[in-house]
Amino acid sequence: MAEETIFSKIIRQEIPTPLLYQDDLVTAFSDIAPKAKVHILIVPNELIATANDIEAEHEQVIGRMYTVAKRLAKEQGIDQSGYRLIMNCNDHGGQEVYHIHLHLLGGEPLGPLLAK
Ligand code: 5GP
């Protein structure tokens, strides 16, 4: 059983954080340390620790994360200029919070995918 992170407390609003979206499956809020003009995290309400823990039973929630990402991109006015959706996994992926999340990044040119 994975340990809860701060994201579960945000989802339950035990740590008050303005929510940009919430439904029965997912919650979205702005990243506390934005890496682009728009930087939103889309998080499943249920704790799934890493991309390695995604199972067939999660297909609905994973799909919802993307439809909510698309909706938020439109609301933020970045759907036409473009954006990037990223999910980091484990150490080499740079994952810091072990509750999966989609980063929605945009509002400015983001440059190459990897800085090498
Ligand atoms: P990861 O590196 O796991 O893909 O991304 C974790 C993200 O969560 C980081 O971009 C970090 O800034 C963000 N983050 C960490 N703690 C908090 C928090 O308490 N509130 C919010 N809104 N974002 C957080």
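Source: prediction; values computed, not measured.

Comments concerning the pairing of strand β1 (residues 19–22)
Part 1 of the reasoning: Relative to strand β2 (residues 26–30), β1 runs antiparallel, the two sharing three bridges. Across the sheet, Y21 pairs through a bridge with A28, a residue of β2.
Part 2 of the reasoning: Counted along the chain from β1 to the antiparallel partner β2, the turn is three residues long.

Quick notes on the nonpolar core
Part 1 of the reasoning: Core analysis: the biggest nonpolar cluster contains 19 residues, and V26, I40, I42, M65, L72 and L104 have the highest contact counts within it.
Part 2 of the reasoning: Elements with a minimum of two residues in this core: β2, β3 (38–44), α2 (59–75) and β5 (102–106).
Part 3 of the reasoning: For this core, the element with the most residues is α2, which contributes seven residues.
Part 4 of the reasoning: What L72 contacts, discounting residues up to four positions off in sequence, is L20, Y21, A28, I40, I42 and L104.
Part 5 of the reasoning: Within the second largest apolar cluster, seven residues are counted, among which are F7, I10, I11 and F29.

Some remarks on the site of the ligand
Part 1 of the reasoning: Taken together, 18 residues sit near the ligand, with S30, D31, N88, E96 and H103 positioned nearest.
Part 2 of the reasoning: Within the side chain of H101, one N or O atom sits 2.9 Å away from an oxygen atom of the ligand.
Part 3 of the reasoning: For the ligand, whose unbound accessible area comes to 520 Å², protein coverage reaches 87%.
Part 4 of the reasoning: Those elements that place two or more of their residues in the shell around the ligand are α1 (6–11), β2 and β3.
Part 5 of the reasoning: Sorting elements by how many residues they give to the shell around the ligand places α1 first, with three residues.
Part 6 of the reasoning: Here the shell around the ligand is composed, by residue class, of eight nonpolar, seven polar and three charged.

Thoughts on the sheet that holds β5
Part 1 of the reasoning: Pairing in this open sheet of five strands is antiparallel, and the strands run β1-β2-β3-β5-β4 from one edge to the other. Here the strands that pair on one side only, and so sit at the sheet edges, are β1 and β4 (83–86). Direction aside, neighbouring strands of the sheet carry axes that sit 15 degrees apart on average.
Part 2 of the reasoning: Strand direction decides the pairing type here: β4 and β5, joined by four bridges, are antiparallel. Along β5, the bridge assignment pairs R84 with L105.
Part 3 of the reasoning: Packing of α2 onto the sheet brings it into contact with β1, β2, β3, β4 and β5, and relative to β3 it is tilted by some 155 degrees.

What counts and what doesn't
- Residues numbered from 1 in each chain as written.
- Predicted model: local features only at pLDDT ≥ 70, side-chain atom pairs only at ≥ 80, totals over all residues.
- Heavy atoms only, no water.
- Pairing = 2+ DSSP bridges.
- Helix = DSSP H or I, 4+ residues; strand = E, 2+ residues; numbered from the N terminus.
- Core = buried A, V, L, I, M, F, W, Y, C linked by side-chain atoms within 4.5 Å.
- Buried < 20%, exposed > 50% of the residue type's maximum accessible area, 1.4 Å probe, protein only.
- Contact = heavy atoms within 4.5 Å.
- Near = heavy atom within 4 Å.
- Polar contact = N/O pair within 3.5 Å; in protein donor to acceptor, adjacent residues only side chain to side chain.
- Areas by Shrake-Rupley, 256 points an atom, 1.4 Å probe, with all protein chains shown as cover.
- Nonpolar A, V, L, I, M, F, W, Y, C, P; charged D, E, K, R; others polar.
- Axes fitted to C-alpha atoms, helices over the stretch in contact; angles between N-to-C directions.

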